[in-house]
Amino acid sequence: MTHAPAAPPRRRKPWYRQLYVQVLIAIVIGIVLGWRAPGLGEAMQPIGTTFIAAMKMLIGPIVFLTIIGGIAGVADLKKVGLTGLKALTYFQVGTIVALVFGLVAINIVRLGDGVDADPSTLHPTGNAERYIETGETQHWWEFFTHLVPDSFVGAFTDGDILQIIFLAVLFGIAIKAIGPLGDPIVTGVKRLTEVVFKVLSFVMKAAPLGAFGAMAYAVGAFGLSTLSSLGSLILLFYVTSILFVVVVLGGLLRAYVGLSIFRLFRYLREEFFLVLGTSTAEPALPGLMRKLTFLGADRSTVGLVVPTGYSFNLDGAAIYLSLAALYIAQATNTPLTVPQQLGLLAVMLLTSKGAAGVAGGGFIALTATLSTIGTVPAAGIMLIFGIDKFMSECRALVNFYGNAVATLVIAKWDHNLDLARAREVLGDPTSADRALAPGPATTQPDAADGTPSGAAPAQAAH
């Protein structure tokens, strides 16, 4: 296999031109504005929502094209099926560990004891009432029946990642099945993917504005004073999440893949601040896919694992659900035995899968869980409704890093990760800039083995 010539050294951008610095500054300005001028901060909502909408507009096409290109580019379709099976297995195990992590934390630090809330006095209003109604009428099996879209276009107009994945897998397999007749389509998919990523690079220039608008609105609408009422629960959630990412995910990444979670943090810093500013992991999905491919993971693995993980691998949502459910039980003086808590965990394995990509998804999943069990009053979610916004950033960040680690683990498991390249990229402080740079030289892999253009082909890591 012929290796492409190494890319010339790239001069590091001045600090003020780096995207993550601009987004961080915008977040700080947004917090100050929302704090000092709540009305004006709340008025900044359209700026944040418009940016998020622009990013979501591109997620569907990127996921669809990337999965098709990845499946059509592999030599054996069985490999795609095995990768998907491995990913689903990993997602379920990871979700169980995250749920147990949250259960253990809230059982050790029993923050709900002494609250003595009377469920009959808790009357949901506004969005909370709507979320509770949705959750109470939601059935666990709806997740599976919702997999098939009503129409081809409907999956894209609704922005349903899971349905888009379903369509993309079918198309990718069909293109592969027709043999040489599908080659022109594969070539067209790769070229169209380059165009979509170029549009993405344009939209990303507005990331600081989007983060500013979203953060100014959040602080202006909900107020920093909300933190004081249930600050201990927020702190416990953040500490539990940080320990999960550093100890569990970081330990797995180091032990199995041989990479450092802290170097991965630095490499994904732009996406970190983007998720932090917008309180959702979706805008960071395209950047994560590009960077993991640039890191040395096979394109087909990245294209299948990352989008699927955004629906199935929600570690942050799992920790939140277990913490919140047990806190409500403690606060309403609802005793739960160990078997009952394990039953709660089993239900959460299903309800947690729909907690991302939907407005109020975390609350809907929590209500669906409590309604299914029937022991803990669902109206108890009003106890934490006010602080949910301040927990959403952490949920999204844990989901984000959970999927980054999952993809690297699955790529190593499939022998589709160039470890030498990954270590080189993570040790180079300018690598993140190269991975984000527009153009076919670094942004999107175009070789059948998933190698980014302008980079050495990935060697199987056995």
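Keep in mind that this is a model prediction, so the values were computed, not measured. (Residues numbered from 1 in each chain as written. Predicted model: local features only at pLDDT ≥ 70, side-chain atom pairs only at ≥ 80, totals over all residues. Heavy atoms only, no water.)

### Looking at the overall build of the protein
Stage number 1. When helices and strands are counted, the protein shows 22 helices and zero strands.
Stage number 2. The buried share among the 462 residues of the protein stands at 56%.
Stage number 3. Counting contacts in the protein only where the partners sit at least 6 residues apart, residues at least 24 apart contribute 82% of the total.
Stage number 4. About 19100 Å² of surface is accessible on the protein, with carbon and sulfur atoms providing 67% of the total. (Helix = DSSP H or I, 4+ residues; strand = E, 2+ residues; numbered from the N terminus. Buried < 20%, exposed > 50% of the residue type's maximum accessible area, 1.4 Å probe, protein only. Contact = heavy atoms within 4.5 Å. Areas by Shrake-Rupley, 256 points an atom, 1.4 Å probe, with all protein chains shown as cover.)

### Comments concerning a nonpolar patch on the surface
Stage number 1. Judged by side-chain polarity, Ile-96, Val-100, Val-104, Ile-108 and Val-109 come together as a nonpolar surface patch covering roughly 390 Å² of accessible area.
Stage number 2. On the basis of relative accessible area, Ile-108 is assigned to the exposed category, the value being 65%. (Patch = residues over 30% accessible without salt bridge, like charges linked within 9 Å, V, L, I, M, F, W, Y side chains within 5 Å. Salt bridge = Lys/Arg side-chain N within 4 Å of Asp/Glu carboxyl O.)

### Section: a positive patch on the surface
Stage number 1. Together, Arg-254, Arg-263, Arg-266 and Arg-423 line one region of the surface with positive charge.
Stage number 2. Topologically, Arg-266 is positioned in helix H13 (residues 261-267).
Stage number 3. Here Arg-266 falls in the partly exposed class, since its relative accessible area comes to 33%. (Lys, Arg positive; Asp, Glu negative; His and termini not counted. Charge placed at Lys NZ, Arg CZ, Asp CG, Glu CD.)

### Focus on the packing of helix H12 (residues 231-257) against helix H20 (residues 388-413)
Stage number 1. Where H12 meets H20, the axes come as close as 10 Å, and the angle between the chain directions of the two elements is 10°. Taken as axis vectors, H12 and H20 run roughly parallel relative to one another.
Stage number 2. When grouped by side-chain class, the residues that make up the contact of H12 with H20 number 19 nonpolar, two polar and three charged. (Axes fitted to C-alpha atoms, helices over the stretch in contact; angles between N-to-C directions. Parallel < 35°, antiparallel > 145°, perpendicular 65-115°, else oblique. Nonpolar A, V, L, I, M, F, W, Y, C, P; charged D, E, K, R; others polar.)

### Some details on the packing of aromatic side chains
Stage number 1. Scanning the entire structure with this criterion turns up 14 aromatic pairs.
Stage number 2. Their ring planes at 50° and their centres at 5.5 Å tell us that Phe-152 and Phe-171 sit as a pair that is tilted. Placement of the pair is Phe-152 in helix H7 (residues 152-157) and Phe-171 in helix H8 (residues 161-177), with a sequence separation of 19 residues.
Stage number 3. Here a set of aromatic residues connected by ring pairs shows up, and it is made of Phe-262, Phe-265, Phe-272, Phe-273, Phe-400 and Tyr-401.
Stage number 4. One cation-aromatic arrangement involves Arg-36 over Trp-35; the distance from NZ or CZ to the ring centre is 4.9 Å. (Phe/Tyr/Trp six-rings, centres within 6.5 Å; stacked < 30°, edge-to-face > 60°. Lys NZ or Arg CZ within 6 Å of the ring centre and 35° of its normal.)

### Thoughts on unusual backbone geometry
Stage number 1. The backbone of Asn-333 shows a phi angle near 55°, a positive value even though the residue is not glycine.
Stage number 2. Locating Asn-333 in the fold gives a position in the loop between helix H17 (315-331) and helix H18 (338-351).
Stage number 3. Under the relative-accessibility criterion, Asn-333 is labelled partly exposed at 49%.
Stage number 4. A positive phi angle is found at His-415, which is not glycine, with a value near 60°.
Stage number 5. With respect to the element layout, His-415 can be found in the loop between H20 and helix H21 (419-426).
Stage number 6. Owing to a relative accessible area of 36%, His-415 belongs among the partly exposed residues under this scheme.

### Description of the pattern of salt bridges
Stage number 1. Applying the stated criterion across every chain, the model contains five salt bridges.
Stage number 2. Here Lys-56 ties to Glu-282 by a salt bridge, and the two come within 3.5 Å at their closest N and O atoms. Residue Lys-56 is located in helix H3 (residues 45-73), and its partner Glu-282 is located in the loop between helix H14 (269-278) and helix H15 (285-295); the two are separated by 226 residues in the primary sequence.
Stage number 3. In this structure Glu-282 comes out as buried when scored by relative accessible area, which is 8%.
Stage number 4. In this structure, Glu-270 engages Lys-291 in a salt bridge whose closest nitrogen and oxygen atoms are separated by 2.7 Å.

### Considering the side chain of Thr-95
Stage number 1. Turning to its location among the elements, Thr-95 is positioned in helix H4 (residues 77-108).
Stage number 2. Only 2.8 Å separates the side chain of Thr-95 from the backbone oxygen of Phe-91, close enough to count as a polar contact. (Polar contact = N/O pair within 3.5 Å; in protein donor to acceptor, adjacent residues only side chain to side chain.)

### Re the nonpolar core
Stage number 1. Leu-264, Leu-295, Tyr-310, Leu-366, Ile-384 and Phe-400 are the most contacted members of the largest nonpolar core, which totals 125 residues.
Stage number 2. Considering every element that reaches this core, the biggest residue donor is H20, with 15 residues.
Stage number 3. When neighbours within four sequence positions are excluded, Leu-295 is seen to be in contact with Leu-264, Tyr-267, Leu-408, Asp-418, Arg-421, Ala-422, Val-425 and Leu-426. (Core = buried A, V, L, I, M, F, W, Y, C linked by side-chain atoms within 4.5 Å.)

### Some remarks on the environment of Val-409
Stage number 1. Along the chain, Val-409 turns up in helix H20.
Stage number 2. Take Val-409: its relative accessible area is 5%, and that puts it in the buried class.
Stage number 3. When the C-alpha positions of Val-409 and Gly-258 are compared, they lie 9.9 Å apart, and in sequence the two are 151 residues distant.
Stage number 4. Look past the residues within four positions of Val-409 in its chain and what remains in contact with it is Tyr-90, Leu-252, Tyr-256 and Val-257.

### Topic: the environment of Tyr-327
Stage number 1. In this fold, Tyr-327 is placed in helix H17.
Stage number 2. Residue class for Tyr-327 comes out buried when judged on its relative accessible area of 4%.
Stage number 3. Placed 218 residues apart in sequence, Tyr-327 and Val-109 show a C-alpha to C-alpha distance of 9.9 Å.

### Focus on the confidence of the model for the protein
Stage number 1. Here the protein shows a mean pLDDT of 79. Residues at 70 or above account for 78%.
Stage number 2. For the protein, helix H11 (residues 226-229) is the element with the lowest average pLDDT, namely 54, and H13 is the one with the highest, namely 94.
Stage number 3. Segment residues 1-8 is flagged for pLDDT under 50; beyond a separation of four residues in sequence, or across chains, it makes eleven contacts in the model.
Stage number 4. Low pLDDT, under 50, characterises residues 439-462; the stretch is placed with 74 contacts to residues that sit more than four places away or in other chains. (pLDDT = per-residue confidence, 0-100.)

### Things to note about the side chain of Gln-341
Stage number 1. Topologically, Gln-341 is positioned in helix H18.
Stage number 2. Here the side chain of Gln-341 touches Asn-107 through a polar contact of 2.9 Å, side chain to side chain.
Stage number 3. Here the side chain of Gln-341 touches Leu-336 through a polar contact of 3.4 Å, landing on its backbone oxygen.
Stage number 4. The contacts of Gln-341, once residues within four sequence positions are left out, are Leu-103, Asn-107, Leu-326 and Leu-336.

### A closer look at the packing of H12 against H17
Stage number 1. Running from amino to carboxyl end, H12 crosses H17 at an angle of 140°, the nearest separation of the two axes being 11 Å. The angle between H12 and H17 places the two elements in the oblique class. Here H12 and H17 pass one another in a crossing that is right-handed. Across from Leu-233, Leu-236, Phe-237, Thr-240, Ser-241, Phe-244 and Leu-249 in H12, the residues of H17 making contact are Asp-315, Gly-316, Ile-319, Tyr-320, Leu-323 and Tyr-327. (Left-handed = near helix turned anticlockwise from the far one by under 90°.)

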